[in-house]
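Chains, contacts and geometry: an overview
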Amino acid sequence: TTFARSLAAKGRHHESAQVYNDAATRFESIGGVFEEDCLKEAARQYWLAGEKEEAQRVLVELEDRQDVYARGAESEAFKSLKKLIRE
């Protein structure tokens, strides 16, 4: 994720999103928290890259993985991003 963050800091949002998405599929954490965090950041990076459809796709994948408790624990900032992606 450090590499993905460095790409994002350089404005390379599409590539950053790809790295986060890859990490979400490569690794398995207890409870899937790491994977969900990677998907959240991938959606955000795709949005910043202007790739709304890809951000929507990742958001659907994330929501398919989440349980009701994970959705309830989302930050207000991410909830706002979800609204933007869905519009």
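Refer to the structure above for everything that follows.
Presented here is a report on the structure given in the accompanying data block. Everything numeric in this text was worked out from a predicted model, so none of it was measured.

A word on the side chain of Ser16
- As for its position among the elements, Ser16 is in helix 2 (residues 13-26).
- Residue Ser16 is classed as buried on the basis of its relative accessible area, which comes to 0%.

A few points about helix 4 (residues 52-65)
- Taking 1.5 Å as the rise per residue, helix 4 with 14 residues should run 20 Å; its terminal C-alpha atoms sit 20 Å apart, in good agreement.
- Among the residues of helix 4, Ala55, Val58, Leu59, Leu62 and Glu63 are the ones counted as buried. Each buried residue of helix 4 sits inside an arc of 135° when the element is viewed along its axis, so together they form one side. Every exposed residue of helix 4 that faces more than 90 degrees away from the buried side is listed here: Glu53 and Asp64.
- If you follow the buried residues of helix 4, they end up packed against helix 2, helix 3 (33-48), helix 5 (68-72) and helix 6 (76-86).

Focus: helix 3
- Under the 1.5 Å per step criterion, the end-to-end length of helix 3 is 23 Å for 16 residues, consistent within 8% with the ideal 22 Å.
- Among all positions in helix 3, only Glu35, Glu36, Cys38, Leu39, Lys40, Ala42, Ala43, Gln45 and Tyr46 are buried.
- Backbone geometry just after helix 3 places Gly50 at a positive phi near 80°.

About the cut-offs
- Residues numbered from 1 in each chain as written.
- Predicted model: local features only at pLDDT ≥ 70, side-chain atom pairs only at ≥ 80, totals over all residues.
- Heavy atoms only, no water.
- Helix = DSSP H or I, 4+ residues; strand = E, 2+ residues; numbered from the N terminus.
- Buried < 20%, exposed > 50% of the residue type's maximum accessible area, 1.4 Å probe, protein only.
- Expected span 1.5 Å × (residues − 1).
- Arc of directions from axis to C-beta.
- Contact = heavy atoms within 4.5 Å.

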